Amino acid sequence: MTRIDDVARLAGVSTATVSRALRGLPTVSAATRRRVLAAAEQLQYAVSPSASRLAGGRTGTIAVVVPRITRWFFGTVVEAVEDFLQQSGYDLLLYNLGGREQTRQRVLRTADLHKRVDAVMLVATPLRPAELTALTRLELPGVTISSGTPVPGWPCVRIDDVGVARTATRHLIDLGHRRIAHITGDPDELAYTTHLDRRRGYRDALRDAGIDPDPYLDVESQFTIGGGARATEELLRRGDPPTAIFAACDEMAMGAMTALRDAGLRVPQDVSVIGVDDHDLASALGLSTIAQPAAEQGRLAARILLDPLHGGPPAPPARRRPDPPGSPVILPTRLIVRESTAPPRAH
């Protein structure tokens, strides 16, 4: 059975150089790589992925932590990350917290990750002080996606949530709406900052247009279709309904459209609705939205995470403007106008 030593002797290099060349690391010259590949092919030498990982002290596994895998954003990100990792020869170990305190403690406050993974990806996962300390002590490379707790030394990939909300709200204002409601997530449910940033952008856009934010038009619920429906029902119960609703995510916007229909109101003739995400069903429902590149965030974060593990330089940031070191990588979003938004009906 051919061994790596045989390939090294035939190629006239060290076994370490053979290992680096066969793994595609950038520290090997093109000429040396060709020589090694030719020797490996001549000897019919095949690299054992598991043996290569063990020899390098690697597990070949990346931990991905999400609050709730059932949500569109998290599921889309995880699918993109898993596809990228598989193409790169890595496995994904998914930790779905799912609101379970026992799972959270096991994953984020104990050594559960120690020696099981090579790196960690946190997707919109906030950390308590004790969890941040425990994770930092593991000394594993990592990356975060979307809003969450910054981890020292970890890059972050995200969108501009404040800017997203400004754009959505400004679209409604430009159509002529002045009584604009906002339905957003319950901070106790996921406890991350996306809902706070989007609320801030919503209020900033109103103030920029000379409109005072009305607390009666700001309702919290869950980031789900049912949550959006309940929030909209609460808005209607309060009387003097809005002429437009900005929902913090498309699933809530879909729930809002359902509740408005059940109340005998038409979208957009009576109430306009806009969301955030460009969910897979948004186009079918004619939902105006702010499209965010969820899958691209996952792929870019995975690439940023794997490049140092492969011995290469970090992935180049995807920013359009110069930012100070340590700044998050901000991916662009875009407004998609469909049938759910229109000028307010004359009363």
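Think of each chain on its own: its residues are numbered from 1, step by step along the sequence as written. Residues qualify for local features only when their pLDDT is at least 70, as the model is predicted, and side-chain atom pairs are given and counted only at 80 or more; totals for whole chains, interfaces and linings, by contrast, use all residues. Here the side-chain values reflect all heavy atoms present in the structure, with hydrogen atoms and water set aside.

## Details of unusual backbone geometry
Here comes step 1: Omega for the bond connecting Val-267 with Pro-268 falls within 30 degrees of zero, at 10 degrees, which places this linkage in the cis form.
Here comes step 2: Under the DSSP-based scheme used, a helix requires at least four consecutive residues in state H or I and a strand at least two consecutive residues in state E, with every element numbered from the N terminus. For Pro-268, the location among the structural elements is in the loop between α12 (250-262) and β9 (272-277).
Here comes step 3: The residue Gln-44 is not glycine, and still its phi comes out positive at about 55 degrees.

## Observations regarding the sheet that holds strand β1 (residues 61-66)
Here comes step 1: If DSSP finds at least two bridges between two strands, the strands pair. One open sheet accounts for six strands, arranged β2-β1-β3-β4-β5-β11; its pairing is parallel. Each edge of the sheet is formed by a strand with only one pairing partner; in this case those strands are β2 (91-96) and β11 (329-330).
Here comes step 2: Sheet analysis places strand β5 (residues 156-158) next to β11, joined by two bridges and oriented parallel. What sits directly across from Val-157, in β11, is Val-329.

## Brief notes about the confidence of the model for the protein
Here comes step 1: The predictor reports its confidence for every residue as pLDDT, a score running from 0 up to 100. Model confidence for the protein is summarised by a mean pLDDT of 85, while 86% of its residues fall at 70 or above.
Here comes step 2: Counted against residues more than four places away or in other chains, residues 312-325, with its pLDDT under 50, gives 18 contacts. The criterion used for residue contact is that any of the two residues' heavy atoms lie within 4.5 Å.

## Observations concerning the sheet that holds strand β10 (residues 288-291)
Here comes step 1: Within the open sheet, the six strands sit side by side as β7-β6-β8-β9-β10-β12. Their pairing is mixed. The sheet is open, and its two edges are formed by β7 (218-221) and β12 (334-336), each paired on a single side. When the angles between neighbouring strand axes are averaged without regard to direction, this sheet yields 20 degrees.
Here comes step 2: Where strand β6 (residues 180-185) and strand β8 (residues 244-247) come together, four bridges link them in parallel fashion. The partner of Ile-183 across the bridge, within β8, is Ala-247.
Here comes step 3: Here α12 sits on the sheet and contacts β6, β7, β8, β9 and β10; the angle it forms with β9, its principal contact strand, is near 160 degrees. Helix axes use the C-alpha atoms of the stretch in contact, all axes being lines fitted to C-alpha atoms, and the angles between their N-to-C directions lie in the range 0 to 180 degrees.

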